[in-house]
Amino acid sequence: IVPSVATLPRPTPMEVYRLLPGTNCKECHLPGCWQFALKLVAGEARTIDCPALADPRNAPQLAELRTHGVG
């Protein structure tokens, strides 16, 4: 197994925000999805902190976030 040393460009907060459910449910303990996106990009939150992303209907968005290195 050869490890990959390639680095992924960090996505912008807007790119991350567009992949979030957009419910602004505050279950992540933040005022809304925009603030959550900012925290995700900064590495201060994880996708598991968003209960709405655990919904199977949001699996494609979650997979896309993970391909961008947001997690």
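Data block above holds the structure.
Residues numbered from 1 in each chain as written. Predicted model: local features only at pLDDT ≥ 70, side-chain atom pairs only at ≥ 80, totals over all residues. Heavy atoms only, no water.

**Student:** How should the nonpolar core be read in this particular structure?
**Tutor:** Here is a general trend for soluble globular proteins: nonpolar side chains tend to be buried in one another's company. Among the nonpolar cores identified, the biggest contains 17 residues, and Val16, Leu20, Phe36, Leu40, Leu53 and Leu65 are the most heavily contacted of them. Of all the elements in the fold, those that place two or more residues in this core are helix H1 (13-19), helix H2 (33-42) and helix H3 (59-67). With five residues, H2 is the single largest residue contributor to this core. Leu65 has contacts with Val16, Leu19, Leu20, Thr47, Leu53 and Val70, leaving out every residue within four places of it along the chain. (Core = buried A, V, L, I, M, F, W, Y, C linked by side-chain atoms within 4.5 Å. Buried < 20%, exposed > 50% of the residue type's maximum accessible area, 1.4 Å probe, protein only. Helix = DSSP H or I, 4+ residues; strand = E, 2+ residues; numbered from the N terminus. Contact = heavy atoms within 4.5 Å.)

**Student:** Honestly, the pattern of salt bridges in this entry has me stumped. Any pointers?
**Tutor:** In this structure the tally under the stated criterion is two salt bridges. The partner of Lys39 in a salt bridge is Glu44, with the nearest N and O atoms 3.2 Å apart. The class for Lys39 is partly exposed, based on a relative accessible area of 32%. Close ionic contact of Asp55 with Arg57 constitutes a salt bridge, the shortest N to O distance being 2.6 Å. Among the residues examined, Arg57 registers a relative accessible area of 69% and is labelled exposed. (Salt bridge = Lys/Arg side-chain N within 4 Å of Asp/Glu carboxyl O.)

**Student:** Please clarify how the packing of aromatic side chains should be interpreted in this entry.
**Tutor:** The description of two aromatic rings rests on the distance between their centres and on the angle between their planes. Scanning the entire structure with this criterion turns up one aromatic pair. Measuring from centroid to centroid gives 5.7 Å for Tyr17 and Trp34, while their planes differ by 80°, and the two rings are edge-to-face. Here Tyr17, found in helix H1, pairs with Trp34, found in helix H2; they are 17 residues apart in sequence, far enough to count as distant. Using a relative accessible area of 30% as the deciding quantity, one classes Tyr17 as partly exposed. Residue class for Trp34 comes out partly exposed when judged on its relative accessible area of 34%. (Phe/Tyr/Trp six-rings, centres within 6.5 Å; stacked < 30°, edge-to-face > 60°.)

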